[in-house]
Amino acid sequence: MEKYLSVLTSCPLFLDIQKDELLTMLSCLGGRVASFDKKYTVLAEGGSADYMGVVLSGSVQVVQMDYFGNRNVLGVFHRGEVFAEAFACAEVKALPVSVIAAEECTVLFLDSRHILATCQKGCAFHKKLIYNLMRDLAKKTVAFHRRAEIISGRTTEKKLMSYLALCAKEEGASTFLIPYDRQGLADFLEVDRSGLSAVIGRLQKQGVLLCKKNRFTLL
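In this report, we go over the structure that sits alongside the text. Note that the structure is a prediction, hence the values are computed from the model and not measured.

1. Describing the overall build of the protein chain
- Counting secondary structure elements, the protein chain contains eight helices and 11 strands.
- Here the C-alpha radius of gyration of the protein chain, 19 Å, is about what a compact globule of 219 residues would show, namely 17 Å.
- Structurally, the protein chain occupies a C-alpha span of about 65 × 40 × 30 Å along its principal axes.
- Out of the 219 residues belonging to the protein chain, those deemed buried represent 41%.
- Taking as baseline every contact in the protein chain between residues at least 6 positions apart, the subset at least 24 positions apart corresponds to 72%.
- A total accessible area of about 12,100 Å² is found for the protein chain, and carbon and sulfur atoms account for 52% of it.
- Distance between charge centroids for the protein chain: 5 Å, based on 28 positive and 23 negative side chains.

What follows is the structure in structure tokens.
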């Protein structure tokens, strides 16, 4: 576990927790590490919702399949980021989503029951951990509402431009990378991939933007 300390200390869940405290905490929480190949199911829809994950390397996607088999990407999580904590804290009986390895990755799993319950050892940093967890959940709630605003656009073009404008604003630059390939972007925006590609091609011809793989420039 020590080789992952640099990642964990940058994780929002462990903000302001010292390395020596962190090792004790992980032992107390019963954390376990697992590695996955690309496209492997890290957490399956319908499975236990007791565990949240921290990405130690690589990245994962949280996806949801509707009744008709349409795939929606709800989020992409990279090194040092936490996923599935909302479901774990809500104590839902079964996961309503799946978590898929977007690339080869390593994940630290934490049992939420060990986090939310008072530590039997009386660890002084336990309250700080819970505070960090609540703050992380609040930030993701804000991000969820932003996504809802993006996909509320009535056309593929409006959804795309709303998303790209938000990315440019957050990066403070007109050129930026997005965390999706073309299919992932289509899933995130809840649009057809071929239709999205057609819109991007048309906007490039009109001089609205430039696109090369996942690098965009707003002109």
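2. Brief notes about the sheet that holds strand β8 (residues 105–111)
- The four strands lie next to each other as β1-β8-β3-β6, forming an open sheet whose pairing is antiparallel. Each edge of the open sheet is held by one strand with a lone partner, namely β1 (32–36) and β6 (82–83).
- Pairing analysis gives two bridges linking strand β3 (residues 51–57) to β6, with the strands arranged antiparallel. Note on β6: the bridge partner recorded for V54 is V82.

3. Comments concerning helix α2 (residues 19–29)
- Turning to α2, its buried residues are L22, M25, L26 and L29. The buried residues of α2 occupy an angular sector of 100° when projected down its axis, which confines them to one face. Among the exposed residues of α2, those pointing more than 90 degrees away from its buried face are D20 and S27.
- Among the structural elements, α1 (5–8), β8, α4 (112–116) and α5 (126–151) are those in contact with the buried residues of α2.
- The first or second residue beyond α2 is G30, which carries a positive phi of 65°.

4. Thoughts on the packing of aromatic side chains
- Here the structure, examined in full by the defined rule, presents six aromatic pairs.
- Ring centres 5.1 Å apart and planes at 55° place the aromatic pair Y163 and F188 in the tilted group. Residue Y163 is located in helix α6 (residues 156–171), and its partner F188 is located in helix α7 (residues 182–189); the two are separated by 25 residues in the primary sequence.
- The ring of Y51 has R32 lying over it, and the distance from NZ or CZ to the ring centre is 5.7 Å.
- Above the ring of F188, the side-chain terminus of R147 is found at 4.9 Å from the ring centroid.

5. A few points about the pattern of salt bridges
- If you walk through the whole model with that rule in mind, you get seven salt bridges.
- Note that D136 is salt-bridged to K140, the shortest N-O span being 3.3 Å. Of this pair, D136 and K140 are both found in helix α5, four residues apart, which corresponds to roughly one turn of the helix.
- Taking relative accessible area as the criterion, K140 reaches 27% and is therefore assigned partly exposed.
- Residue R147 pairs with E190 through a salt bridge whose shortest N-O separation is 3.5 Å. Of this pair, R147 sits in helix α5 while E190 is found in the loop between α7 and α8 (193–205), placing the two residues 43 residues apart along the sequence.
- Classification of R147 as buried rests on a relative accessible area of 8%.
- Using a relative accessible area of 37% as the deciding quantity, one classes E190 as partly exposed.
- In this structure, a network of salt bridges that share partners links the residues D50, D111 and R113.

6. A short note on the nonpolar core
- Residues L160, Y163, I178, L185, L189 and F216 are the most contacted members of the largest nonpolar core, which totals 26 residues.
- Elements with a contribution of two residues or more to this core: β5 (71–78), α5, α6, α7, α8 and β10 (209–212).
- If one sorts the elements of this core by residue count, α6 sits on top with five residues.
- Leaving out residues up to four positions away in the same chain, Y163 has contacts with I150, I178, P179, Y180, L185, F188 and L189.
- One finds V7, C11, L22 and L137 within the second-largest nonpolar core, a separate group that totals 24 residues.

About the criteria used
Residues numbered from 1 in each chain as written. Predicted model: local features only at pLDDT ≥ 70, side-chain atom pairs only at ≥ 80, totals over all residues. Heavy atoms only, no water. Helix = DSSP H or I, 4+ residues; strand = E, 2+ residues; numbered from the N terminus. Rg over C-alpha atoms; globule rule 2.2 N^0.38 Å. Buried < 20%, exposed > 50% of the residue type's maximum accessible area, 1.4 Å probe, protein only. Contact = heavy atoms within 4.5 Å. Areas by Shrake-Rupley, 256 points an atom, 1.4 Å probe, with all protein chains shown as cover. Lys, Arg positive; Asp, Glu negative; His and termini not counted. Charge placed at Lys NZ, Arg CZ, Asp CG, Glu CD. Pairing = 2+ DSSP bridges. Arc of directions from axis to C-beta. Phe/Tyr/Trp six-rings, centres within 6.5 Å; stacked < 30°, edge-to-face > 60°. Lys NZ or Arg CZ within 6 Å of the ring centre and 35° of its normal. Salt bridge = Lys/Arg side-chain N within 4 Å of Asp/Glu carboxyl O. Core = buried A, V, L, I, M, F, W, Y, C linked by side-chain atoms within 4.5 Å.

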